[in-house]
Amino acid sequence: MAEVVQPHSMDHQHKEYSNGERHLVAHDTVKNEDFSDEDEIPWGQRIKMDTSTDRKDFKEEQSDSEDDIPWSQRMKDDTKKNGSSSSRKSVKKDESESEEDYKPPAKKDRKEKEDKKKKKEKESKSSSKDKGRTSNESPVKRKKKEEEQDDVWEWWKEDKKPAGVKWNSLSHMGPLFAPPYERLPKHVHFKYNGQNVHLSENAEEIAGFYGRMLDHDYTSNEVFNKNFFHDWRKSMTSSERELITDLNKCDFRQIDVYYKEQSEKRKAMSKDEKLAIKEEKEAELKKYGFAFIDGHKQKIANFRIEPPGLFRGRGGHPKMGKLKKRIMPEDVIINCSKDSEIPPAPKGHKWKEVRHDNTVTWLVSWSENVLGQNKYIMLNPSSKIKGEKDYEKYETARRLKNMVGNIREVYTQDFKSKEMRVRQRAVALYFIDKLALRAGNEKDVDEAADTVGCCSLRCEHIKLHEALDGKENVVEFDFLGKDSIRYFNQVAVDRRVFKNLKLFMENKSQGDDLFDRLDTTTLNQHLQSLAPGLTVKVFRTYNASITLQEQLAKLTNPNDNVAQKMLSYNRANRQVAILCNHQRAVPKTHEKSMAALEQKIKDKKKELKAAKNELKGARGPNKEKAKKKVDRLKDQYKKLKISRTDKDENKQIALGTSKLNYLDPRISVAWCKKFDVPVEKVFNKTQREKFRWALDMADEDYVF
DNA sequence: TCCAGGACTTGGCACAAGGTCC
DNA sequence: GGACCTTGTGCCAAGTCCTGGA
């Protein structure tokens, strides 16, 4: 079998940002002609090569008169939207349940319904349960799988609820609270200015949050330290506050050591002790981990209330280090149906509120003190409520596929609109479509790190090059996006886009908005007018999914073995991750594990050589045996080499996010079926649970 | 009409769990 | 069975988008 030939090489250039941010650039060396089948082409890829030539249907050269349009008034007024929000209020919502829509079933109905469902499922199990299963499963595994399937709710075969209604009946056990603080043993001291200081319980707990982060970069960050120290001092007694006035004189090392020891102890526990803990966890999961929705048992995603700690804002978050307070039952709102048994609050406590709102999907909510935002307990991605939404998301993206040609025509026309706002909208949409940029909502600089998306790009985030590396009209993007991850890309763009950008930047300083006549609301309103349900983020989903589909078609060789096919799949997945700028830190273990793999490959090669020699001298029945050995070793050797390639190409790219959030799972399922790859190779157990609907729906002919 | 706030999705990382190797 | 490595999961921050009330 032929070696896997890399269809195109991706050279990921790593650069360090001044603040140490990572960044990744894909130099796609695919030739233009590879993408000649233009309407099926994943735009996101083409843009990285040269977008000025990739659209045949763009009207050939228009007059340059656009540049002569007097834009005299364009920048004078409304230069900037008003400054954003002041402090947030926590508004207590009314009991907003719609009585007409809400008809909860009686409790006994639920039981009946469940029994009925179980019976039905048992009947249909023999026909449906084999889907996606490999043939060589052990009986134990099979039994486990069957048990798991007991609660499968095939919601995609049922009628949908009226719009706005999320459930008819909902019951659950409420949240599980963080365990109470346990004081440090007497021998563990916090020191101030070299002296042991006995802290009050509150102050000690918060010192502990800091102490166990000593190894982390956070504790050398000025903002983090300032915020921490400010909040810590607020929690001290007056005498503590009087004494402890300088963080530099605080010594948390013993606390750090203590928690490390605790962690080591846990690791070194006996089997029985570990088992006891596991059982305890399982019991908690059993009690709190499930909700009943419309008679169906559904997994909850996060039934634990977030424990207190220090806020770990990312990038240059202005609030990092602030104290996240302990949440008490009195802070918590419970949402469940009226007829359900209301979960009891912990002894001696009561809930802030019990609500019966079936227009929302959350079970429990509370308000977090650092940013004043609401936090929720919601259902697991495998639940009907999440799955249905996911399915709809991909259906919307598929609808976009059918109309994206028209939309592109419209925004191309708009490049020469007389109205500045229309031109800006068109160029922004061009970026969103071609580069899969995020929308870029406005942010309050006091509340969050300075990151941007498309609509919030500032002049300082792009550079215009008339020519660069043999290409014309190149735009260089360099900005921090979501999670302060750097987006760096040099893109050849449509000539009219380039001209427009020059125009947008005229008479502006670096800190000014590039699209000063545009925001996400306006853009989304425009998109809604083109198609109901169409928003900026649909483009990301669409472009990701279409890219996967196209790349799979291009890269998969039906004659390959499963390992080779999986390399192709991962490469297709990687293209999407690059498009979406899904980066990860190179794992600390990368070099080491690559070296180990390298050694394995060497050893295997030796082994193979020896086996080949053996084969040469073998006679009679031994010859057949030796031949088999050589074949087996060859196979293993190839697998190792594939694994090395895959691992190395992947070191800086995170595939998980796109797989979980952007790629229509039916594309992957169809690919597995078509090329005879077990679906377990592509989706692990959790992913299969999340995408159960897709596993059931898609056959090998599925087209996104 | 505007915009703050609510609801929900997207996102990377840390660490636990589980598998493999010796 | 312990060390080491890989994979999976939980966590919770940070986005998007929509809605309700002023």
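Small disclaimer: the values here were computed from a predicted structure and weren't measured. (Residues numbered from 1 in each chain as written. Chains lettered and ligands numbered in written order. Predicted model: local features only at pLDDT ≥ 70, side-chain atom pairs only at ≥ 80, totals over all residues. Heavy atoms only, no water.)

### A closer look at the pattern of salt bridges
For step 1, the next point in the chain: A complete count under the given rule lists 39 salt bridges for this structure.
For step 2, the next point in the chain: We note a salt bridge from Lys161 to Asp294, for which the minimum N-O separation is 2.6 Å. Here Asp294 lies in the loop between strand 7 (290-293) and strand 8 (296-299) and Lys161 lies in the loop between helix 3 (139-148) and strand 3 (170-172), a separation of 133 residues in the sequence.
For step 3, the next point in the chain: Note that Arg666 is salt-bridged to Glu395, the shortest N-O span being 2.7 Å. Taken together, the residues span a long stretch of sequence, with Arg666 in helix 18 (residues 665-674) and Glu395 in helix 9 (residues 384-414) at a distance of 271 residues. The pair Arg666 / Glu395 is uniform in exposure class, with both members buried.
For step 4, the next point in the chain: Bridged by salt links that share partners, the residues Glu395, Arg398, Asp664 and Arg666 form one connected network. (Salt bridge = Lys/Arg side-chain N within 4 Å of Asp/Glu carboxyl O. Helix = DSSP H or I, 4+ residues; strand = E, 2+ residues; numbered from the N terminus. Buried < 20%, exposed > 50% of the residue type's maximum accessible area, 1.4 Å probe, protein only.)

### Here we look at the UniProt feature "active site" (unreviewed entry) in chain A
For step 1, the next point in the chain: On the UniProt side, "active site" (unreviewed entry) is annotated at positions that read Tyr662 here.
For step 2, the next point in the chain: Here Tyr662 is to be found in the loop between helix 17 (656-661) and helix 18.
For step 3, the next point in the chain: On the basis of relative accessibility, which here comes to 15%, the residue Tyr662 falls in the buried class.
For step 4, the next point in the chain: Filtering out sequence-adjacent residues up to four positions away, Tyr662 remains in contact with Tyr394, Arg540, Thr541, Ala544, Ser545, Cys580, His582 and Thr657. (UniProt positions renumbered as here; feature names shortened; annotations may be inferred. Contact = heavy atoms within 4.5 Å.)

### Overview of the confidence of the model for chain A
For step 1, the next point in the chain: Overall, the predicted model of chain A reaches an average pLDDT of 79, with 79% of residues at or above 70.
For step 2, the next point in the chain: With pLDDT under 50 throughout, residues 1-149 is counted as low confidence; its partners more than four residues away or in other chains account for 264 contacts. (pLDDT = per-residue confidence, 0-100.)

### Quick look at the nonpolar core
For step 1, the next point in the chain: One finds Val332, Phe431, Phe477, Leu501, Phe515, Phe539 and Trp671 to be the most contacted residues of the largest nonpolar core, which totals 100 residues.
For step 2, the next point in the chain: Judged by nonpolar contacts, the second largest core, of 29 residues, contains Tyr192, Ala207, Phe229 and Tyr258. (Core = buried A, V, L, I, M, F, W, Y, C linked by side-chain atoms within 4.5 Å.)

### Re the pairing of strand 16 (residues 471-480)
For step 1, the next point in the chain: In terms of residue burial, strand 16 counts as a mostly covered element, since eight of its ten residues are buried.
For step 2, the next point in the chain: Pairing geometry for strand 15 (residues 462-468) and strand 16, over six bridges, is antiparallel. The partner of Ala467 across the bridge, within strand 16, is Glu472.
For step 3, the next point in the chain: Here strand 15 folds back onto strand 16, and the loop between the two strands holds two residues, one of which, Asp469, carries a positive phi near 45°.
For step 4, the next point in the chain: Pairing between strand 16 and strand 17 (residues 486-492): seven bridges, direction antiparallel. Paired with Leu480 across the two strands is Arg486, which belongs to strand 17.
For step 5, the next point in the chain: Here strand 16 hands over to strand 17 after five residues, with Asp483 in that stretch at a positive phi of 60°. (Pairing = 2+ DSSP bridges.)

### Some thoughts on the sheet that holds strand 3
For step 1, the next point in the chain: Judged by pairing direction, the sheet is antiparallel, and its three strands sit side by side in the order 3-7-8 without closing on themselves. Two strands in the sheet have a free side with no partner beyond their single neighbour: strand 3 and strand 8. Taken pair by pair, the neighbouring strands of this sheet meet at an average axis angle of 30°, ignoring direction.
For step 2, the next point in the chain: Where strand 3 meets strand 7, three bridges bridge the pair, whose relative direction is antiparallel. In the strand pairing of strand 7, Ser171 is matched with Phe292. (Axes fitted to C-alpha atoms, helices over the stretch in contact; angles between N-to-C directions.)

### Describing the packing of aromatic side chains
For step 1, the next point in the chain: Per the stated rule, a full pass over the model turns up 29 aromatic pairs.
For step 2, the next point in the chain: Between the aromatic rings of Tyr542 and Phe704, the centroid separation amounts to 6.5 Å while the plane-to-plane angle is 25°, which identifies the pairing as stacked. Pair noted here: Tyr542 is in helix 13 (residues 536-555) and Phe704 is in the segment after helix 20 (692-697), with a separation of 162 residues, a long-range link.
For step 3, the next point in the chain: Taking relative accessible area as the criterion, Tyr542 reaches 3% and is therefore assigned buried.
For step 4, the next point in the chain: An aromatic cluster of three or more residues is present, and its members are Tyr411, Phe415, Tyr430, Phe431, Phe477, Phe479, Tyr487, Phe504 and Phe515. (Phe/Tyr/Trp six-rings, centres within 6.5 Å; stacked < 30°, edge-to-face > 60°.)

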